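A structural walkthrough
So the chains spell out like this:
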Amino acid sequence: MNATESPRLTVIGTGYLGATHAICMAVLGFDVLGVDVDERKIAKLASGEVPFFEPGLPELLTKALESGRLRFTTSFEEAGKFGDVHFLCVGTPQRPGSDAADLTYVDAAVQALAPHLDRRVLVVGKSTVPVGTAQRLTGVLHELAPAGDEVELAWNPEFLREGFAVDDTMRPDRLVFGVASDWADERLRAAFQPILDIGTPVVRTDLATAELVKVAANSFLATKISYINAMAEVCEAVGADVSDLADSLALDDRIGGKFLRPGLGFGGGCLPKDIRAFAHRAEEIGVGQAVSFLREVDDINRRRRARTVDLVRELLGGQISGRRIAAWGAAFKPNSDDIRDAPALDVARTMHGLGGHVRVYDPAALDNARRAYPELRYGDNALDAAEDADVVVLLTEWADFREIEPDALAKVVRHKRIVDGRHALDPARWRAAGWEYRALGRA
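This one's a predicted model, so the numbers in the text were calculated from it and none came from an experiment.

The rules behind the values
Residues numbered from 1 in each chain as written. Predicted model: local features only at pLDDT ≥ 70, side-chain atom pairs only at ≥ 80, totals over all residues. Heavy atoms only, no water. Helix = DSSP H or I, 4+ residues; strand = E, 2+ residues; numbered from the N terminus. Rg over C-alpha atoms; globule rule 2.2 N^0.38 Å. Buried < 20%, exposed > 50% of the residue type's maximum accessible area, 1.4 Å probe, protein only. Contact = heavy atoms within 4.5 Å. Areas by Shrake-Rupley, 256 points an atom, 1.4 Å probe, with all protein chains shown as cover. Lys, Arg positive; Asp, Glu negative; His and termini not counted. Charge placed at Lys NZ, Arg CZ, Asp CG, Glu CD. UniProt positions renumbered as here; feature names shortened; annotations may be inferred. Disulfide = S-S within 2.5 Å. Right-handed = clockwise from strand over helix to strand, strands pointing away. Domains from an automatic or database assignment. Buried area = accessible area lost by both parts, 1.4 Å probe. Salt bridge = Lys/Arg side-chain N within 4 Å of Asp/Glu carboxyl O. Polar contact = N/O pair within 3.5 Å; in protein donor to acceptor, adjacent residues only side chain to side chain. Pairing = 2+ DSSP bridges. Axes fitted to C-alpha atoms, helices over the stretch in contact; angles between N-to-C directions. Parallel < 35°, antiparallel > 145°, perpendicular 65-115°, else oblique. Left-handed = near helix turned anticlockwise from the far one by under 90°. Nonpolar A, V, L, I, M, F, W, Y, C, P; charged D, E, K, R; others polar.

A word on the overall build of the protein. Counting its regular elements, the protein contains 19 helices and 14 strands. For 443 residues, the compact-globule formula gives about 22 Å, and the C-alpha radius of gyration of the protein, at 24 Å, lands near that figure. Taking the principal axes of its C-alpha atoms as reference, the protein extends roughly 70 × 50 × 40 Å. Counting over 443 residues, the protein shows a buried share of 55%. Here the contacts in the protein between residues at least 6 apart in sequence split such that 72% fall between residues at least 24 apart. Carbon and sulfur atoms provide 49% of the accessible area of the protein, an area that totals close to 18,700 Å². Treating the 53 positive side-chain charges of the protein as one cloud and the 66 negative ones as another, the clouds have centres 4 Å apart.

Here the UniProt-annotated "binding site: substrate" (unreviewed entry) positions come out as F159, L160, R161, E162, K214, F259, L260, R261, P262, G263, G267 and K333. The greatest C-alpha distance among the annotated residues, which extend across 175 residues, is 24.0 Å, indicating that they are dispersed rather than converging on a single site. Along the polypeptide, K214 turns up in helix α10 (residues 207–238). Here K214 is in contact with T128, P157, E158, F159, C270 and D274, once residues within four sequence places are set aside. Inspection of the secondary structure puts R261 in the loop between α11 (242–250) and α12 (271–284). Its relative accessible area of 47% is what places R261 among the partly exposed residues.

A word on the state of the cysteines. The final tally for this structure, using the stated rule, is 0 disulfides. Cysteine C89 shares no disulfide, and the gap to the nearest cysteine sulfur, in C24, comes to 11 Å.

This paragraph deals with the environment of E375. Counting through the fold element by element, E375 comes out in the loop between α15 (366–372) and β11 (377–378). Taking the C-alpha atoms as reference points, E375 and L113, 262 residues apart in sequence, are found 41 Å from one another. Residue contacts for E375: discarding those within four places in its chain leaves R349 and H352.

Attention shifts here to the pairing of strand β5 (residues 122–125). Side-chain direction in a regular strand flips from residue to residue, so the side chains alternate between the two faces of the sheet. Of the two faces of β5, the one carrying L122 and V124 and the one carrying V123 and G125 are both buried. With respect to chirality, the unit in which strand β4 (residues 85–88) leads through helix α5 (residues 104–113) into the neighbouring parallel β5 is right-handed. Traced from β5 through helix α6 (residues 133–144) to strand β6 (residues 152–155), the parallel crossover comes out right-handed.

Moving on, we come to the domain arrangement of the protein. Segmentation of the protein into domains returns domain 1 (9–205) and domain 2 (218–439). Distance from the C-alpha centre of domain 1 to the C-alpha centre of domain 2: 33 Å. Contact with domain 1, which involves 17 residues of that partner, is made by 17 residues of domain 2. When domain 1 packs against domain 2, close to 1,400 Å² is buried across both sides, 51% of that on carbon and sulfur atoms. In terms of surface lost to domain 2, no three residues of domain 1 exceed F53, D99 and E162, which account for 45% of the buried area on that side. Our count for the contact surface shared by domain 1 and domain 2 stands at 2 salt bridges. Here domain 1 and domain 2 share 8 residue pairs in polar contact (both at pLDDT 80 or more) between them.

Here we come to the pairing of strand β14 (residues 436–439). Every second residue of β14 is oriented toward a common face, the buried set being Y437 and A439 and the non-buried set E436 and R438. Inspection of the sheet shows strand β13 (residues 417–420) paired to β14 by 4 bridges, in the parallel sense. Within β14, the position partnered with R417 by the bridge is E436. Regarding topology, helix α19 (residues 427–432) serves as the crossover connection from β13 to the parallel β14, and that connection is right-handed.

Here the UniProt-annotated "active site" (unreviewed entry) positions come out as C270. Topologically, C270 is positioned in the loop between α11 and α12. Given the relative accessible area of 27%, C270 is considered partly exposed. If we ignore the near neighbours within four places in the chain, the residues touching C270 are K214 and N218.

With that out of the way, let us pick up the packing of helix α1 (residues 16–27) against helix α3 (residues 57–67). Put simply, α1 and α3 touch, their axes get as near as 9 Å, and they point 55° apart. Between α1 and α3, the angle is such that the two are oblique. α1 and α3 meet at a crossing whose hand is left-handed. Across the interface between the two elements, T20, I23, C24, A26 and V27 of α1 pack against L57, L60, L61, K63 and A64 of α3. Here the contact of α1 with α3 is built from residues that sort into 8 nonpolar, 1 polar and 1 charged.

Quick look at helix α2 (residues 39–46) now. The α-helix advances 3.6 residues per turn, and as a result positions three or four apart in sequence lie on the same side. For α2, the capping residue at the N-terminal end is D38, with a side-chain oxygen 3.0 Å from the backbone nitrogen of R40. The first or second residue beyond α2 is G48, which carries a positive phi of 95°.

Looking at the secondary structure, you find S181 in the loop between β7 (175–178) and α8 (182–191). You can call S181 buried: its relative accessible area is 18%. Setting aside residues no more than four positions away along its own chain, S181 makes contact with E152 and R204.

This is the structure:
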């Protein structure tokens, strides 16, 4: 293709990352073909249905489909003929029985696409992978593609925040291009031209560094979250207030307040599995000691879940069995229906296992929670879940929960007790309304 023409893009994998990328790039003006082996997922997207919850994305999907710039297929042959730049957006979950990343889907995508690459094209990895994967996949592409070493591989890590994925795709705070040639850099710049035109910074680097950026960023964020939660454990021991401590630290511009929020800790499909996979890979390449602290970061985070259950037990006089418990939240974070490694559901299931009569409500993740954990009971709304409750436990910091009036909730519960697992409520306000209020790291 002519260097001045916009490249045609394929997006391999139409899960959370891939569907978001395909839709947004089509809205930005590119011709995009989404590719997946899951026929039901492809059919849903092609009919205008986003198969997960993400604010703003359904409207953009409708716009992209109506423009004619976005199509979906299950054919890798069609993808090979269509695309000039192929984005790999498949999942890399934690391998069963191991901390390592499972690269089954990445390998399968490359092996399915490569035989159909008979001209000079660029394959771009966006999935989070162990360092060294790109070098290995380059060899696979050169071996299997009819065009051989004319096919180049680049790495362009994603930095999507669930609930803000549209903005993070179309107005990212940076782009990282891991490339092995000027041509690959030029192709990537052409594939992101509208985003570059708004002044988005670009870091051009090598493949290995690009692979490390995402796991390094997530490890840093996880460490910051676990740090303030470690301080919460200290505060509980001495009667201090971790929320005030966090506010004081946040005013230090060397530290800042982002991700310095005490509470139940992190979950989801990225941070937990990424730090575990990073530590595992570091051990494989002989530098495990350098990131050994990530094991403790993970342990601190897990302890927050057990400690939240302890708070509930303490508030109930030492006995969870037989008590009615309202669990507000199922998703791992607000503005998402993602329940992967969700602290909220972990706590709810633990309390259920201890004999508690647990009723869960979440504004977006109820269907996913019901499918995954049918043994739990579910409410139709926050007040319904709290009916006759002996204690209410806030586990995901949805705005819906923060806006509920203490007096309104008091009318439906059996006892005015609340555990704020996310430091989302004003303790003075709830205590003034006669509630027993408890939160991690607060006396």
